[in-house]
Amino acid sequence: MEKLVALCKRRGFIFPGSELYGGLNGTWDLGPLGVAFANNVKKEWWKSVVQDREDVVGLDSAILHHPQVWEASGHVASFTDPLIECKVCHARFRADHKNNITLHEKTHQEKNIWTEVKSFNLMFKTFVGPIDDEKNKTYLRPETAQGIFINFKNVLETTRIKIPFGIAQIGKGFRNEITTGNFLFRVREFEMMELEFFVKPGTDKKWHDFWKQERLQWYLSLGIKKENIKLVDLPKEDIAHYSKGTTEVWYKWPFSSSSGKSDFGELEGIANRGDYDLTQHAKYIGKDISYFDQEGNERYVPYVIEPSVGVGRAILAFLIDAYYEEEKRVVLKLHPKLAPCKVAVFPLLGNKEELIVKAKEIYKILKELFGGAVMFDDRGNIGKRYLYQDEIGTPWCVTVDFETLKDNAVTVRDRDTTKQERIVISKVSSFLEKKLNS
Ligand code: ATP
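Numbering of residues begins from 1 in every chain and follows the order in which that chain's sequence is written. Since the coordinates come from a predicted model, pLDDT governs what is reported: local features require at least 70, and pairs of side-chain atoms require 80 or more to be given and counted, while whole-chain, interface and lining totals use all residues. Working from all heavy atoms in the structure, the side-chain values ignore hydrogens and water.

J.: What's the story with the pairing of strand β13 (residues 264–274) in this structure? I'm lost.
T.: A regular strand carries its side chains on alternate faces of the sheet. The buried label goes to any residue with under 20% of its type's maximum accessible area, the exposed label to any with over 50%, and the partly exposed label to all in between, with areas taken from a 1.4 Å probe on protein chains only. Per the convention used, a helix needs a DSSP run of H or I reaching at least four residues, while a strand needs a run of E reaching at least two, with both numbered from the N terminus. The buried fraction of β13 amounts to ten of the eleven residues, a majority that puts the element mostly inside the structure. Judged from the six bridges that link them, β13 and strand β16 (residues 303–310) form a sheet pairing that is antiparallel. Pairing of Ile270 across the sheet is with Pro307, part of β16. Paired strands, as defined in this entry, are two strands with at least two bridges between them according to DSSP.

Quick look at the structure:
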């Protein structure tokens, strides 16, 4: 993990938040490559969950909601974690993170150091308008899901969609976690990719199973190795009170999961939320938010299947899975669709004008083709340029050499095999495009 964190900083993927001021715990900033990488992850999620389907639509709700939303959803009363404090040094911990507790007891060489367990609400409070009083208090959303539930009627009334259907949203969530750590794994501000899929009660088990497989396949299709990922059905005592069943996608992290039981831990949650949320909102506003099913000529409150994952946690899993240390190089074998830079174009020598001109011509064509995700580099020797591209996960490098000026062909180097192929310039675009989509 330290090596990965160092690579991310060194190459401009991820910087510690507010580093200039000594840092702000639980925040990270995405650098030039990080933002491109995160955008690719979000694009692939949106494609698979919204664009490739006919039964899911998108939404982008406000981050701030009316404060009653959070009362109705149960977050004010119970979006809490169990908190305990060390009586010796006043450090605070999550009571259910046994690993951290044991480690802390070791530093004091004493077990009897803890206060009673208290409930700590994880929502960040804020005020709407210029008066800081209870009446104007609301919260930064800890999940994007409620923005979807409060727009359920709006979406139904403005689209031609029928149950079963889903509403998907990507956006920031904020949780004042008691402790943060393991890089992007547990932070206080993060983007979430959430789908609320509304179904007829009774069909919920079938749809839950469907989304479990669908989500697992998504990770596999983007290169996560089979042995590093699995679905785990949570036991009743570990699931939220409203959930009718929760399955998690677990990834094999290179650190112990918070319970300390194993290195496999939550990457994504896939919950069957039943009719809890819509029923709660209907109760609070005193209006019906049920669905009229024309086919069955019946009215019901739909059940909801919710796959939910943090963009940062997904990024971390993709990075860990792609990180390889080989004899002469460190390489990120990212899936080409996720790689922040698809192709790098080099003139063999940086001081030969005719090579630079040719390389720039190819660079411009590829940049257009790959939506900007192409680099031009003429600094240092070619070996160093390859190593740099390997470290940032660029799948292909194209080199213009003196032969090019005679045969109009370039060398295309593959990141994973380091094999080089000679390709005629007029065929480079289609060659790379084919590889990207294979
Ligand atoms: P935990 O029990 O570990 O605190 P949770 O069960 O409350 O997590 P969910 O509410 O299911 O988490 O959140 C959905 C997803 O959002 C998680 O699977 C994870 O990918 C992401 N996530 C949740 N909390 C964080 C966090 N603090 N930092 C980064 N990602 C998070």
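J.: Got a minute to help me understand the sheet that holds strand β11 (residues 229–233) in this structure?
T.: Read across the sheet, seven strands follow the order β3-β9-β10-β16-β13-β12-β11 without closing on themselves; strand pairing throughout is mixed. Two strands in the sheet have a free side with no partner beyond their single neighbour: β3 (56–59) and β11. Strand-to-strand twist of the sheet, defined as the mean angle between neighbouring strand axes without regard to direction, takes the value 20°. Alignment of β11 against strand β12 (residues 246–252), held across five bridges, turns out to be antiparallel. Bridge pairing links Asp233 to Thr247 in β12. This element, helix α2 (residues 32–51), spans β3, β9 (165–174), β10 (189–199) and β16 of the sheet and lies at about 160° to β9. For helices, the fitted axis covers only the stretch in contact; all axes are lines through C-alpha atoms, and the angles between them, taken along N-to-C directions, range from 0 to 180 degrees. Contact definition: two residues touch when any of their heavy atoms are within 4.5 Å.

J.: Explain the pattern of salt bridges to me, please; I cannot follow it from the model alone.
T.: When a carboxyl oxygen of Asp or Glu lies within 4 Å of a side-chain nitrogen of Lys or Arg, that pair is called a salt bridge. Counted under the stated rule, the structure contains 37 salt bridges. With a closest N to O distance of 2.8 Å, Asp209 and Lys205 form a salt bridge. One end of the pair is Asp209 and the other is Lys205, both in helix α8 (residues 204–221) and four residues apart, which spans about a single turn. Taking relative accessible area as the criterion, Asp209 reaches 29% and is therefore assigned partly exposed. In this structure, a network of salt bridges that share partners links the residues Asp81, Arg94, Asp96, Glu177 and Arg186.

J.: I keep staring at the environment of Leu319 and nothing clicks. Help me out?
T.: The topology assignment puts Leu319 in helix α10 (residues 311–322). Taking the C-alpha atoms as reference, Leu319 lies 9.6 Å from Gly393; in sequence the two are 74 residues apart. The residues contacting Leu319, other than those within four sequence positions of it, are Leu4, Cys8, Ile14, Phe37, Leu332 and Leu334.

J.: Any chance you could explain the sheet that holds strand β21 (residues 396–400) here in plain terms?
T.: Strand pairs in the sheet, formed through backbone hydrogen bonds, run parallel or antiparallel to each other. Ordered in space as β20-β19-β21-β22-β23, the five strands form an open sheet in which the pairing is mixed. Edge positions in the sheet fall to β20 (374–376) and β23 (420–424), since each of these pairs with one other strand and no more. Averaged over all pairs of adjacent strands, the angle between strand axes in this sheet comes to 25°, irrespective of strand direction. Pairing geometry for strand β19 (residues 343–347) and β20, over three bridges, is parallel. Bridge assignment links Val345 to a residue of β20, and that residue is Phe376. Packing against the sheet, helix α12 (residues 382–391) makes contact with β19, β20, β21, β22 (409–414) and β23, and its axis sits at approximately 170° to β19. Contacting β19, β21, β22 and β23, helix α14 (residues 425–436) runs over the sheet at an angle of about 125° to β23.

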